[in-house]
Amino acid sequence: MNRGLVFAAGLGVSVLIHAGVLVVLPVWLAPEPIEDQPLPQSELRIETQEVARSESTATAPEGEQTQSESTAGAALDQGVIPQSRATAQTLTTTP
């Protein structure tokens, strides 16, 4: 047989198998329909009650004044910042 004919036949069979899988697979994996479930019986009651209202005058609350303290913090040593400089040392080599 001709190589091209074998290749075309193999390609055709592959396309048919893949098409068959694409048609059968969604039907195979489709979920089953779910039956409607009965709704539960519920009841809601709202009751109101009359409440007597009264009027009052607004008054300012009595507050306590706290003790005030000095806001000055502890004084730090305000001297000059110490500075130092490193000097290079020469290396001596021993033969």
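The following refers to the structure shown. (Residues numbered from 1 in each chain as written. Predicted model: local features only at pLDDT ≥ 70, side-chain atom pairs only at ≥ 80, totals over all residues. Heavy atoms only, no water.)

Observations regarding the overall build of the chain
Reasoning step 1: When you go through the chain residue by residue, the secondary structure sums to 1 helix and 0 strands.
Reasoning step 2: Classification of the 95 residues of the chain by burial places 0% in the buried group.
Reasoning step 3: Put simply, the chain shows about 11,500 Å² of open surface, and 57% of that area lies on carbon and sulfur atoms. (Helix = DSSP H or I, 4+ residues; strand = E, 2+ residues; numbered from the N terminus. Buried < 20%, exposed > 50% of the residue type's maximum accessible area, 1.4 Å probe, protein only. Areas by Shrake-Rupley, 256 points an atom, 1.4 Å probe, with all protein chains shown as cover.)

Section: a nonpolar patch on the surface
Reasoning step 1: A surface patch of nonpolar side chains, amounting to about 840 Å² of accessible area, comprises Val 13, Ile 17, Val 21, Val 23, Val 24, Leu 25, Trp 28 and Leu 29.
Reasoning step 2: Within the fold, Leu 29 resides in helix H1 (residues 3-29). (Patch = residues over 30% accessible without salt bridge, like charges linked within 9 Å, V, L, I, M, F, W, Y side chains within 5 Å. Salt bridge = Lys/Arg side-chain N within 4 Å of Asp/Glu carboxyl O.)

Some points on the pattern of salt bridges
Reasoning step 1: Summed over all chains, the structure comprises 1 salt bridge.
Reasoning step 2: Ionic pairing is found between Glu 43 and Arg 45, a salt bridge with its closest N-O pair at 2.8 Å.

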